[in-house]
Amino acid sequence: MCSSSDEYSSSWPSSDAAATAFGTAEAELRGSQGTIENGSLPTWLNGRYYRNGPGTYENGTEEGMLHLFDGYGMVAMIELDGKENRATITNSFVRSSAYSAFKNNGAMNWREFGTPKKIHSVVDKAKDVMETVGGAMGMGETKGVTDNASVHVIERNAGYDKQGNAMTELWAMTETVPGTFALDPASLETKKRVAFSDSLDGTLTTAHPSVSDDGTLFNLLSVPGKGFTVYRMANDGKNCREKIADVPHKRPLSPAWIHDFPATNEFAVVPEMPLYFNLASLTLGLDGTHLFMDWIPTDGTTLHVVNLDSRQEGSVDSVGDLEAFFVFHWANAYTEETENGTYLHLDACVYEDPDIVEHLLLNNIRKGEGGVRP
Ligand SMILES: [Fe+2]
């Protein structure tokens, strides 16, 4: 279990660092020379380091966004050249519909994770409720849910050029399917929204797919009223997702929120922890126990182990009756063969409850010491 400790109390970010981390990126940089403050890069180090995250928490209101996860996504690239001891920085906002609408109109057009959209008329409220419910149910493209791709960035095959050379692109991702954008890996320019060439249902997903050794991507979709769909997608640029297994939701109209899931080359685990979307909260702005979600620990946690091995692919072994716990990110997963059979080991930083979700409200983080450590 994770617990707070005074052991690291000297590690609070300075106010300047906090202002930078939780402030607004003043400019989009194109190959700007970085400064190496201490020491020098190892001469063997050469490559590009990519990160995605909120580039601004402005949203047209005085208070701005409310939660760490709400800022508009900005992908940053640091090109490291150890021989020259040089670091070069490029960053770019992902041109999602959510970001573009804010830039053009100075106001949010979609709710972000912890910040509801401001709505002033009853008619607009009713329209927004319908679109949000429709979006969560998988109806419509971007109408009901944000496509603010601010969470993760991965590299994918983008097909082949005329000479047969593999091309690559970056995918900036969030927890909605329309919030998947292809970026140029050198300029970080947003090329297009990723289109999938299959007919799988689902708008809600995770921004943390698992990628196997051969580049195959595994992820899950969540469709209220239907369940989770675990799928695979080859790294061939065709973007065709193939269903592996369906896992019914414990509560069909209020699915559990899954931010990340553990997987090996043989198994993927759907961790159904009892933190559930509350559609009424999401649409009407009512408080759930944790933002727009409800924590119901009496449900316990169920781990659905999906077999990825070709001989038994799609078989699901659900391990229920576990005590309720919450995990943001799974650190590792691996199998161990023993004389008693195959053991699947999962490593994670486990919380007793999901209070961390509320601790990451910006008001808490910006307090500095005495508040919540990011
Ligand atoms: Fe994450």
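Please refer to the structure higher up on the page.
What counts, and where the lines are drawn
- Residues numbered from 1 in each chain as written.
- Predicted model: local features only at pLDDT ≥ 70, side-chain atom pairs only at ≥ 80, totals over all residues.
- Heavy atoms only, no water.
- Donors = N, O, S within 2.8 Å, 3.2 Å for Na, K, Ca; no water.
- Helix = DSSP H or I, 4+ residues; strand = E, 2+ residues; numbered from the N terminus.
- Buried < 20%, exposed > 50% of the residue type's maximum accessible area, 1.4 Å probe, protein only.
- Core = buried A, V, L, I, M, F, W, Y, C linked by side-chain atoms within 4.5 Å.
- Contact = heavy atoms within 4.5 Å.
- Pairing = 2+ DSSP bridges.
- Salt bridge = Lys/Arg side-chain N within 4 Å of Asp/Glu carboxyl O.
- Phe/Tyr/Trp six-rings, centres within 6.5 Å; stacked < 30°, edge-to-face > 60°.
- Lys NZ or Arg CZ within 6 Å of the ring centre and 35° of its normal.
- Arc of directions from axis to C-beta.

Participant: I'd love a proper account of the coordination of the iron ion, names of residues and values included.
Facilitator: Coordination of the iron ion by the protein involves His 208 (NE2), His 259 (NE2) and His 329 (NE2), with metal-donor separations of 2.1 Å. When the donor residues of the iron ion are listed from N- to C-terminus, their spacing reads H-x50-H-x69-H. With His 259 in the loop between β13 (241–247) and β14 (267–272) and His 329 in the loop between β18 (316–322) and β19 (330–338), this residue pair connects regions lying 70 residues apart in the sequence. Overall, the relative accessible area of 40% leaves His 329 in the partly exposed class.

Participant: Before we move on, could you go through the nonpolar core and cite the residues and values that matter?
Facilitator: By size, the foremost hydrophobic cluster in this structure holds 41 residues, and its most contacted members are Tyr 72, Trp 257, Phe 326 and Val 357. Ranked by residues supplied to this core, first place goes to helix α2 (residues 97–105) with 4 residues. Setting aside residues no more than four positions away along its own chain, Val 357 makes contact with His 67, Phe 113, Trp 257, Leu 291, Met 293, Phe 326 and Phe 328. One finds Phe 218, Phe 228, Ala 256 and Val 306 within the second-largest nonpolar core, a separate group that totals 16 residues.

Participant: Give a detailed account of the sheet that holds strand β1 (residues 32–33), specifying residues and quantitative values.
Facilitator: Strand order across the open sheet formed by 4 strands is β1-β4-β3-β2, with antiparallel pairing between neighbours. What marks the edges here is a single partner per strand, and that holds for β1 and β2 (46–56).

Participant: Can you break down the pattern of salt bridges residue by residue, with the values?
Facilitator: Per the stated rule, a full pass over the model turns up 11 salt bridges. Put simply, Glu 79 and Arg 48 hold a salt bridge, and the shortest N to O gap is 3.4 Å. Taken together, the positions of Glu 79 in strand β3 (residues 72–81) and Arg 48 in strand β2 put the pair 31 residues apart, joining distant regions of the chain. With a relative accessible area of 27%, Glu 79 lands in the partly exposed category.

Participant: Please set out the packing of aromatic side chains residue by residue, giving values where relevant.
Facilitator: Counted according to the given criterion, the structure contains 14 aromatic pairs. Ring geometry for Tyr 72 versus Phe 102: centroids 5.3 Å apart, planes at 15°, classification stacked. Here Tyr 72, found in strand β3, pairs with Phe 102, found in helix α2; they are 30 residues apart in sequence, far enough to count as distant. Between the aromatic rings of Phe 326 and Tyr 351, the centroid separation amounts to 6.3 Å while the plane-to-plane angle is 45°, which identifies the pairing as tilted. Placement of the pair is Phe 326 in the loop between β18 and β19 and Tyr 351 in the loop between β20 (341–348) and α5 (355–359), with a sequence separation of 25 residues. Since its relative accessible area comes to 1%, Phe 326 is described here as buried. Put simply, the rings of Phe 69, Phe 113, Trp 257, Phe 277, Phe 292, Phe 326, Phe 328 and Tyr 351 touch in pairs and so form one group of aromatic residues. A cation sits over an aromatic face here: Arg 251 above Tyr 276, 5.2 Å from the ring centre.

Participant: Please provide a residue-by-residue account of α2, values included.
Facilitator: Residues of α2 that are buried include every one of Ala 98, Tyr 99, Ala 101 and Phe 102, and no others. Burial along α2 is one-sided: seen end-on, the buried residues are contained in an arc of 165°. What points out from α2, more than 90 degrees from its buried face, is the exposed set Lys 103 and Asn 104. Where α2 is buried, its residues touch β3 and β4 (86–93).

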